[in-house]
Amino acid sequence: MVPRAHQLRSRPMADMKTAWKAIVARALAEYVRQKGLSLSLPAADGIVVERPPKPELGDLGIPMFPFAKLLRAGPNQVAQALAEIIAADPESSGLGAAVAEGPYLNVRLARRPELSRILDAALSPGWGKTQSLSGHRVMVEFSSPNTNKPLHLGHLRNNILGESLSRILRAAGAEVRSINHINDRGIHICKSMLAYMRLGGGRSPADEGLKSDHFVGKYYVLFNELKEKEPGIEAEAQDLLVRWEAGDAEVRDLWQRMRTWVLEGIAQTYARTGVQFDLYDYESDTYELGKDIVLKGLESGVFYRESDGSVWCDFEDIGLDTKVFLRKDGTSLYITQDLGCAVDRHDSWPYDRLVYVVGNEQQYHFKVLFEALGRLGYDWARDLHHLAYGMVNLPSGRMKTREGTVVDADDLVDEVSALAKAEIEAKGREDLVGNLDAVAEKIALGAIHYYLLQVAPAKDMLFDPAASLSFNGDTGPYIQYMGARATSILRKHGAGEGNARKGKADPGKLSGDSDWALLRLVSGLPEVIDAAAAAMDPSVLAAYLYGLASGFSTWYRENPVLNCADFDVAASRLDLVSAVKRSLEAGLALIGIPFLESM
RNA sequence: GAGGCAAUAGCUCAGCUGGAUAGAGCAUCAGAUUGCGGAUCUGAAGGUCGGAGGUUCGAAUCCUCUUUGCCUCACCA
């Protein structure tokens, strides 16, 4: 089965693998026929095709071990036999040549047709978009801040994971809705309100010259100081919550005012870091949702009532605990609300998947939530997914608000920006970059987002300030820098410099090992996007982009473009540089790293 | 105590459904620019993949046990 033309356009390298699986499967069948054996062979898509560890070994490698066992022959022998059969297969000859190397069948692809196909794809408008999830609707909930303090480093990891995931899913063809579930009610909110009532003196953020979310956060910290001297203040906060729930006008008024301050401040942080949402849920609107669902579940016997009136569900049969779903006073809990939200969301926009980007400390909660929804008869409960990410720790240990070891999001971006600015100035590039502050901030985002995304989501990570501020090596700014250099070549060409305009571009001129190696790297983008989307893991894309940038860097040191004496090669390499630039640009956009034309 | 996640180079991390000599970056050492941006490149050194068994032609990867670390096990969110 030879892949269709439009598929070849969108995923050049993946389709080559598919094509070769089919060729090998055919060769196996032929081998069996020749030997007069009768046995069932593996399906073509079950054949493992990998990439040889070294480029000299070819473009694709197929281990013969599984077949050796099946055919009761040595793997080297099988490789040899298959190579001969494939050499005689007329369909394979246009696609490349297979050579037996030890127990492996290594394929050298026919470069000339591949080169033009890859280049063609990489320079066409759809590059960086795939269809692997087309027709899918995915909801992604992330960020979910509290409205009593500003965002911190942990939120930055959450935000970029959620934002990047949303973009990757869209790039893979899915229809995505991103949701921010604002936690704007509860005892923690009342605490900052109470401290403000005591110490705020009616001042506004502007009066104190503070960003509005930082202003509110200050009072949250002050509450904890008050508590030291005045233990009774906790009860007062509780009382404030009761008044809030009762709709007390004075309390609601203050609540509204402080909430707005925080949300305005947080919105600024989202804007500067490039995070966007399609929808906002406010807990103050949704906190009573889910009660009726629990009551229905009570009727159907999914839940049971304790003698004190509280409602529970027993999960001991699946190794979990019993869990409360309604308080004895009939009020709802976190999980009650989440139950209601999930149903509401599915009613309003039936999705194929709902992803909660929430810290791994809540794994138990989501396990219970999903299980409860399933028991209540919602068959879409299996489409819910908790994307649990690990904590961001500091060299000194865990971040703790009370100990003042929290790394504030805005402060971090400011700090890294200042370093980037100093770096630009140290190199005397102020005039080259244009808007100095804007570019410095984009470099800072590149550094921070890449640092946070480079680690697989599930893992806890260490945030080492010194290392994260570095712009060298495996970092976001390194990738940005390679993008800037590629752009620089194209810019010079555009300005009339170099030999490329004297020649004629021909992909066939790029069949040398180093040009070919770089173009193969480029060709991997669509597959990586699909893999990142399937695994819901932006880190695989981050790793790919670093590899591409690094490959480009190695390549262009040895391979002149504008200065190439062979004008046709110069013109062809210019296309290759364009393809690299476009791939970096498309890929970086998906992981929230600004592309820079110069830096 | 129960459940979950993790452990790979001095440090921070990759290692896709088991496959060819376990890879990067940082740090260390040694080099490279009369050429398209040196925030770069090349090289050296650095590993009993926490430990012990098992499955397999083959294990960092799968299974069991074990050690260590983190998280959770609220009528908080």
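Residues numbered from 1 in each chain as written. Chains lettered and ligands numbered in written order. Predicted model: local features only at pLDDT ≥ 70, side-chain atom pairs only at ≥ 80, totals over all residues. Heavy atoms only, no water.

## A few points about the sheet that holds strand S2 (residues 96-101)
Note the cut-off: Two strands form a pair only when DSSP identifies at least two bridges running between them. Secondary structure follows DSSP: runs of H or I at least 4 residues long count as helices, runs of E at least 2 residues long count as strands, and numbering of each begins at the N terminus. The convention used is that axes are lines fitted to C-alpha atoms, helices contributing only their stretch in contact, and that angles between N-to-C directions extend from 0 to 180 degrees. Contacts between residues were defined by any pair of non-hydrogen atoms, one from each residue, lying within 4.5 Å.
Here 3 strands make up an open sheet; going across it, the order is S1-S3-S2 and the pairing antiparallel. Bordering the open sheet on either side are strand S1 (60-63) and S2, each of which pairs with just one other strand. When strand polarity is set aside, the average angle formed by the axes of neighbouring strands in this sheet is 25°. With 4 bridges connecting them, S1 and strand S3 (residues 104-109) associate as antiparallel partners. Of the residues in S3, the one forming a bridge with leucine 60 is valine 107. Sheet strands touched by helix H4 (residues 75-87): S2 and S3. Its angle to S2, the strand with the most contacts, is close to 160°.

## As for a nonpolar patch on the surface
What counts is decided by this rule: The patches described consist of residues with a relative accessible area above 30% and no salt bridge, like charges being joined within 9 Å and nonpolar side chains (Val, Leu, Ile, Met, Phe, Trp, Tyr) within 5 Å. Only the protein chains shown count as cover for residues, and all accessible areas are computed by the Shrake-Rupley method using a 1.4 Å probe. Salt bridges are defined by distance alone: a side-chain nitrogen of Lys or Arg within 4 Å of a carboxyl oxygen of Asp or Glu.
A contiguous nonpolar patch, built from Leu37, Leu39 and Leu70 and spanning about 210 Å² of accessible area, is present on the exposed surface. Inspection of the secondary structure assignment puts leucine 39 in the loop between helix H2 (12-35) and S1.

## Some details on the nonpolar core
So the rule is basically this: Here, nonpolar core refers to any group of buried Ala, Val, Leu, Ile, Met, Phe, Trp, Tyr and Cys residues whose side-chain atoms link them within 4.5 Å. Only protein chains enter the accessibility calculation, which uses a 1.4 Å probe; a residue is then buried when its area is under 20% of its type maximum, exposed when over 50%, and partly exposed in between.
Residues Trp20, Leu82, Leu153 and Leu541 are the most contacted members of the largest nonpolar core, which totals 156 residues. Excluding anything up to four places from it in sequence, leucine 541 contacts Ile168, Leu525, Val528, Ala532, Gly587, Leu590 and Ile591. Ranked by size, the runner-up nonpolar core spans 30 residues in total, among them Phe315, Leu339, Val343 and Leu384.

## Digging into the packing of aromatic side chains
Selection criterion: Only Phe, Tyr and Trp rings take part, Trp by its six-membered ring, and two of them pair if their centres are within 6.5 Å. Stacked means planes under 30 degrees apart, edge-to-face means over 60, and tilted covers everything else. Lysine and arginine charges are scored as sitting over a ring when NZ or CZ, respectively, is within 6 Å of the ring centre and within 35 degrees of the ring normal.
The final tally for this structure, using the stated rule, is 23 aromatic pairs. Between the aromatic rings of phenylalanine 142 and phenylalanine 277, the centroid separation amounts to 4.6 Å while the plane-to-plane angle is 35°, which identifies the pairing as tilted. Pair noted here: phenylalanine 142 is in the loop between strand S4 (137-141) and helix H7 (153-171) and phenylalanine 277 is in the loop between helix H12 (249-273) and strand S6 (279-282), with a separation of 135 residues, a long-range link. By way of ring pairs, the aromatic residues Phe142, Tyr270, Phe277, Tyr280 and Tyr282 are connected into one cluster. The ring of tryptophan 244 is capped by arginine 252, whose NZ or CZ atom sits 3.8 Å from the centre of that ring. The ring centre of tryptophan 255 lies 5.6 Å from the NZ or CZ of arginine 252, which sits over that ring.

## Details of the sheet that holds S4
What holds strands together in a sheet is hydrogen bonding between their backbones, with the strands either parallel or antiparallel. On the basis of which strands lie adjacent, the open sheet formed by 5 strands has the order S6-S5-S4-S10-S11 and parallel pairing. Lying at the two open borders of the sheet, with one neighbouring strand each, are S6 and strand S11 (384-389). Within the sheet, the average angular offset between the axes of one strand and its neighbour, ignoring direction, is 25°. As paired strands, S4 and strand S10 (residues 353-359) are joined by 4 bridges and run parallel to one another. Residue glutamate 141 lies in a different strand from S10, and its bridge partner there is tyrosine 356.

## A closer look at the packing of helix H8 (residues 187-199) against H12
Cut-off, in case you're wondering: Oblique is the label for any angle not covered by the other classes, which are roughly parallel (under 35 degrees), roughly antiparallel (over 145) and roughly perpendicular (65 to 115). When residues are sorted by character, Ala, Val, Leu, Ile, Met, Phe, Trp, Tyr, Cys and Pro go into the nonpolar class, Asp, Glu, Lys and Arg into the charged class, and all the rest, Gly among them, into the polar class.
Running from N to C, H8 and H12 point in directions that differ by 100°, and their axes come no closer than 10 Å. Taken together, the axes of H8 and H12 lie roughly perpendicular to each other. Counted together, Ile189, Ser192, Met193, Tyr196 and Met197 of H8 and Val251, Leu254, Trp255, Arg257, Met258 and Trp261 of H12 form the full contact between these two elements. Taken together, the residues of the contact of H8 with H12 break down into 9 nonpolar, 1 polar and 1 charged.

## A few points about the environment of serine 134
Looking at where serine 134 falls in the secondary structure, it is placed in the loop between helix H6 (111-122) and S4. In this structure the C-alpha to C-alpha distance between serine 134 and glycine 173, which are 39 residues apart in sequence, comes to 4.2 Å.

## Details of the pattern of salt bridges
Going through the model one piece at a time under the given rule, you end up with 36 salt bridges. In this structure, the salt-bridge partner of lysine 191 is glutamate 234, at a minimum N-O distance of 3.9 Å. One end of the pair, lysine 191, is in helix H8; the other, glutamate 234, is in helix H11 (residues 233-245), with 43 residues separating them in the sequence. Residue classification places lysine 191 among the buried positions, given a relative accessible area of 14%. Residue classification places glutamate 234 among the partly exposed positions, given a relative accessible area of 31%. Here aspartate 248 makes a salt bridge to arginine 243, at a shortest N to O gap of 3.1 Å. Residue aspartate 248 is classed as partly exposed on the basis of its relative accessible area, which comes to 24%. A single salt-bridge network, built from bridges that share partners, covers Lys211, Asp213, Arg272, Asp410, Asp414 and Glu441.

## A closer look at unusual backbone geometry
The phi dihedral of serine 143 is positive, around 75°, even though this residue is not glycine. In this structure, serine 143 sits in the loop between S4 and H7. One non-glycine residue, methionine 536, adopts positive backbone phi at about 50°.

## A closer look at the protein's contact with RNA strand B
Just so we agree on the cut-off: Definition of nearness: a residue and a molecule or strand are near each other if at least one heavy atom of the residue lies within 4 Å of the molecule or strand. Two N or O atoms form a polar contact when they lie within 3.5 Å of each other; inside protein one atom must be a possible hydrogen donor and the other a possible acceptor, and for residues adjacent in sequence the pair counts only when both atoms belong to side chains.
Taken together, 66 residues surround RNA strand B, and among them Tyr104, Asp308, Arg327, Arg429 and Arg485 come closest. Backbone atoms, meaning sugar and phosphate, make up 60% of the atoms of RNA strand B lying within 4 Å of the protein. Contact distances for RNA strand B include 2.7 Å between a phosphate oxygen and a backbone N or O atom of alanine 456. Within the side chain of aspartate 460, a nitrogen or oxygen atom sits 3.4 Å from a sugar or linking oxygen of RNA strand B. Looking at the surface near RNA strand B element by element, the count peaks at 8 residues for helix H21 (residues 476-494). Class assignment for the residues of the surface near RNA strand B results in 30 nonpolar, 14 polar and 22 charged.

## A few points about empty space enclosed by the protein
Stated formally: Any residue with an atom within 4 Å of a point lines the site, the site being either a cavity, points on a 1 Å grid over the protein atoms alone where a 1.4 Å probe fits but cannot get out, or a pocket, an open set with protein on both sides within 12 Å along at least 5 of 7 lines. Grid points are joined across faces, edges and corners, and a volume is the space filled by probe spheres set on the points.
For the coordinates displayed, the defined rule picks out 2 cavities of 30 Å³ or more. Each pocket or cavity is described by its volume, and for the second largest cavity that value is around 30 Å³. Around the second largest cavity, the lining residues are Asp184, Arg185, Gly186, Ile189, Cys190, Met193, Leu241, Trp244 and Trp255. The element best represented in the lining of the second largest cavity is H8, accounting for 3 residues. Taken together, the residues of the lining of the second largest cavity sort by class into 6 nonpolar, 1 polar and 2 charged.

## Quick word on the packing of H7 against helix H23 (residues 525-535)
To keep things clear, this is the line we draw: The hand of a helix crossing depends on one turn: near helix anticlockwise from the far one by less than a right angle means left-handed, and clockwise means right-handed.
Direction vectors running N to C along H7 and H23 enclose 125°, while the axes themselves pass 9 Å from each other. Classed by the angle they form, the pair H7 and H23 counts as oblique. Crossing of H7 against H23: the hand is left-handed. In this structure, H7 uses Ile168, Leu169 and Ala171 to contact H23, whose residues at the interface are Ile529, Ala532 and Ala533.

## Quick notes on H12
Because an α-helix completes one turn every 3.6 residues, residues spaced three or four positions apart along the sequence face the same direction. What counts, and what does not: In this analysis, the expected span of each helix is defined as 1.5 Å times one less than the number of residues it contains.
Between its terminal C-alpha atoms H12 stretches 36 Å, which fits the 36 Å expected from 25 residues at 1.5 Å a residue. Residue glycine 274 follows H12 closely and has a positive phi angle near 75°.

## Looking at the environment of asparagine 360
Within the secondary structure, asparagine 360 sits in the loop between S10 and helix H16 (363-375). Separated by 101 residues in sequence, asparagine 360 and arginine 259 have C-alpha atoms that sit 27 Å apart. Once residues within four sequence positions are removed from consideration, asparagine 360 is found in contact with His386, Ala388, Tyr389, Gly390, Met391, Ala458 and Asp460.

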